[in-house]
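Residue-level structure breakdown
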Amino acid sequence: MPRQINIANATGRDAKVQSSTIKQVPASKLGHPDLDIAFRRYLATTTEGLHEALAKAHGDDYAQALIDGDPETDMEQVGRRIGTTHTVYLSGGGDVLHAPPEVVEVLVDPYGNEKERRAPTDDPANVNDAMPIRWRKRRMSRQDVITKFVIKRTLQIRHDSGITYDYLFAMAKELHEADAMVLMGAGEKGRAPLRFNQNGSPYQAFLEGRIEGDKYMLLLHLSDMQLKQPPPPPAPAGQEA
Amino acid sequence: MAKPIVVSFGGTESTFGISRIDRSKLYGRRQRFPLDPTGERCQRAALTDDGSLLVLTGMTAQGYFDPDGSWVPNNQLIGLSPEGEPVERVPSTLGVPQPLEGPISPTELLDLQVLSVYLLDPEDVDMDLAHKLANGQIFKFGFSYRGGYNAETGVLVGNDEGLFALIGRPKVLEWSELEQVVQPLLDDEDDDDFDDDLDFEMF
């Protein structure tokens, strides 16, 4: 679905244009040769059929009880289709909370160790139709980009009028002829990584332009990961350098 | 441990051990936990639309059902193309030599929707291929981790940090032309100096 964004060109002039996420080619999927089937979520057991309840009722080794009496199967409920649901939170004691819970944010290192615990703060989106995303000074060859970064998503920037066609075509042509991609920035100073939604992932963005005759392709490649080795594991306690 | 990626280039095979990497393995991750009034971590659950059932983790399963609501066992299912035609199952490519194509252009990799990334451990690598990868050339090969109905494309990439395999599927790209106008939905000059350290921690 197209989304309006504001993008500046190399001279700092900006315009509101359309962007949409590029999809991958449609994949094959599981199906039935003769039936029109649907993938659905259904109830497989009730709370009485969960491990804790079964262990409490029949002891830890309850395999024979399952064979003998199917205590995990409530014939009135199992198989019921689960449609739309609403998220609720349960307290540590298993009771439904009737007020929003307090939320804590935890930073974990690559090895699963907690680094910091803090109150969460909201990170606002900085890509919208008001503030332009801007060209930064840094240009990179395609070769450099693909050997240093993993492109996770690509947006295609498109015109929505004759005027913005000229504007975007010129931008694509400049990058195409330079055979380079330009790093884009967002925010007041145009230096911040791009964040499309509040508290969404921030991305480094590389703008690529291609032209063929009067046609153009302006692609915003988004990366949240470098191509590099994971950091070495932390030294065991007492063996720090 | 996963079987290796084996590729064949110029008649010589090369073998790479693989370990999957993602953002959290490079930079860690940020998680948000809801806490109850006593400070204990909350459990997330789902309440059905009619409010009659509280669904906890482990209470649901998924499956295919026919229009009458009868469950269809997986062994009756086949792969169907987007056009509805039966497709052949693709076997796993791990441990099986795959012909390497290339070097390919950087644009070919940019036109691939990357789905997973593996760090490669060169176990037995042809010197010619190693040299080309070290010089920034990239190569593609067929890939399927477990086998299935969708073959993927793998691309071998080398840099100062090591060797990597990027796995993905082609993107659907379209040229923009003057006649093609996207309908809108209803709904600073002061730049930094060249800095090689882009911020990827971004917490």
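Further up the page is the structure itself.
Here the structure is a predicted model, which is why all the values come from computation and not from measurement.

Scanning chain B from N- to C-terminus turns up three helices and 15 strands. A burial count over chain B gives 42% of its 203 residues as buried. With an accessible surface of roughly 11100 Å², chain B has 48% of that area assigned to carbon and sulfur atoms.

Within chain A, the secondary structure is distributed over four helices and 13 strands. Referenced to the eigenvectors of the C-alpha coordinate spread, the extents of chain A come out at roughly 75 × 65 × 40 Å. Counting the 241 residues in chain A, one finds 43% classified as buried. Look at the contacts in chain A between residues 6 or more apart in sequence, and 66% of them connect residues 24 or more apart. Element-wise, carbon and sulfur atoms account for 49% of the exposed surface of chain A, whose accessible area totals about 12600 Å².

Let us now look at the sheet that holds strand S15 (residues 162-170) of chain B. All names here are of chain B. Pairing is mixed in the open sheet, where eight strands are placed in the order S10-S1-S2-S12-S15-S14-S13-S11. Edge positions in the sheet fall to strand S10 (98-99) and strand S11 (101-104), since each has one partner strand and no second. Where strand S12 (residues 112-124) and S15 come together, eight bridges link them in antiparallel fashion. Each bridged residue has a counterpart across the sheet, and for Val117 the counterpart in S15 is Leu166. Relative to strand S1 (residues 5-9), helix H3 (residues 127-134) is tilted by about 100°, and along the sheet it contacts S1, strand S2 (12-21), strand S13 (138-143), strand S14 (152-159) and S15.

On to the interface of chain B and chain A. Between chain B and chain A, the contact holds 105 residues from the first and 112 residues from the second. Together, the buried faces of chain B and chain A total about 10300 Å²; carbon and sulfur atoms form 59% of this surface. Among the ionic pairs, B:Arg32 bridges to A:Glu105, the shortest N-O distance being 2.8 Å. Inspection of the region where chain B meets chain A yields 42 residue pairs in polar contact (both at pLDDT 80 or more). Per-element tally for the side of chain B that touches chain A: the top contributor is strand S3 (residues 29-35) of chain B, with seven residues. Looking at the side of chain B that touches chain A residue by residue, the class counts come to 52 nonpolar, 26 polar and 27 charged. In terms of strand pairing, strand S6 (residues 102-108) of chain A meets S3(B) through seven bridges, oriented antiparallel. Following the sheet pairing, A:Val104 is matched in S3(B) by B:Phe33.

Before going further, it helps to spend a moment on the pattern of salt bridges. All names here are of chain A. Applying the stated criterion to the full structure yields 19 salt bridges over all chains. Residue Arg118 pairs with Glu105 through a salt bridge whose shortest N-O separation is 2.8 Å. Placement of the pair is Arg118 in strand S7 (residues 114-118) and Glu105 in strand S6, with a sequence separation of 13 residues. Arg118 gets classed as partly exposed once you look at its relative accessible area, which sits at 25%. Note that Glu177 is salt-bridged to Lys173, the shortest N-O span being 3.4 Å.

With that settled, the discussion passes to the sheet that holds strand S5 (residues 54-55) of chain B. Taken together, the three strands give an open sheet; going across it, the order is S5(A)-S4(B)-S5(B), and neighbouring strands pair in antiparallel fashion. In this open sheet, the two edge strands, each paired with only one partner strand, are strand S5 (85-90) of chain A together with S5 of chain B. In the sheet, S5(A) pairs with strand S4 (residues 43-48) of chain B via six bridges, with the strands oriented antiparallel. Directly across from A:Thr87, in S4(B), lies its bridge partner B:Ala46.

Ranked by internal contacts, the top residues of the largest apolar core, which has 29 residues, are A:Ile7, A:Ile133, A:Leu168, A:Met184, A:Leu207, A:Leu218 and A:Leu220. With seven residues, helix H4 (residues 162-178) of chain A is the single largest residue contributor to this core. Of all hydrophobic cores here, the second largest spans 26 residues; its members include A:Phe149, B:Leu109, B:Leu112 and B:Val155.

Another aspect to go through is unusual backbone geometry. One can expect most non-glycine residues to show negative phi and most peptide bonds to be in trans. Cis peptide bonds are those with omega within 30 degrees of zero, and the linkage from B:Gly102 to B:Pro103 qualifies with 10°. A positive phi angle, close to 45°, is found at A:Asp70, a residue other than glycine. By the element assignment, A:Asp70 lies in the loop between helix H2 (63-69) and S5. Residue class for A:Asp70 comes out partly exposed when judged on its relative accessible area of 43%.

For the rest of this paragraph, the subject is the environment of B:Gln113. Take B:Gln113: it is sitting in strand S12. Judged by its relative accessible area of 12%, B:Gln113 is buried. The sequence separation of B:Gln113 and B:Pro170 amounts to 57 residues, and the corresponding C-alpha distance is 5.8 Å. Not counting chain neighbours up to four residues away, the residues in contact with B:Gln113 comprise A:Ile22, A:Gln24, A:Lys152, B:Ile167, B:Gly168, B:Arg169 and B:Lys171.

What counts, and where the lines are drawn
- Residues numbered from 1 in each chain as written.
- Chains lettered and ligands numbered in written order.
- Predicted model: local features only at pLDDT ≥ 70, side-chain atom pairs only at ≥ 80, totals over all residues.
- Heavy atoms only, no water.
- Helix = DSSP H or I, 4+ residues; strand = E, 2+ residues; numbered from the N terminus.
- Buried < 20%, exposed > 50% of the residue type's maximum accessible area, 1.4 Å probe, protein only.
- Areas by Shrake-Rupley, 256 points an atom, 1.4 Å probe, with all protein chains shown as cover.
- Contact = heavy atoms within 4.5 Å.
- Pairing = 2+ DSSP bridges.
- Axes fitted to C-alpha atoms, helices over the stretch in contact; angles between N-to-C directions.
- Buried area = accessible area lost by both parts, 1.4 Å probe.
- Salt bridge = Lys/Arg side-chain N within 4 Å of Asp/Glu carboxyl O.
- Polar contact = N/O pair within 3.5 Å; in protein donor to acceptor, adjacent residues only side chain to side chain.
- Nonpolar A, V, L, I, M, F, W, Y, C, P; charged D, E, K, R; others polar.
- Core = buried A, V, L, I, M, F, W, Y, C linked by side-chain atoms within 4.5 Å.

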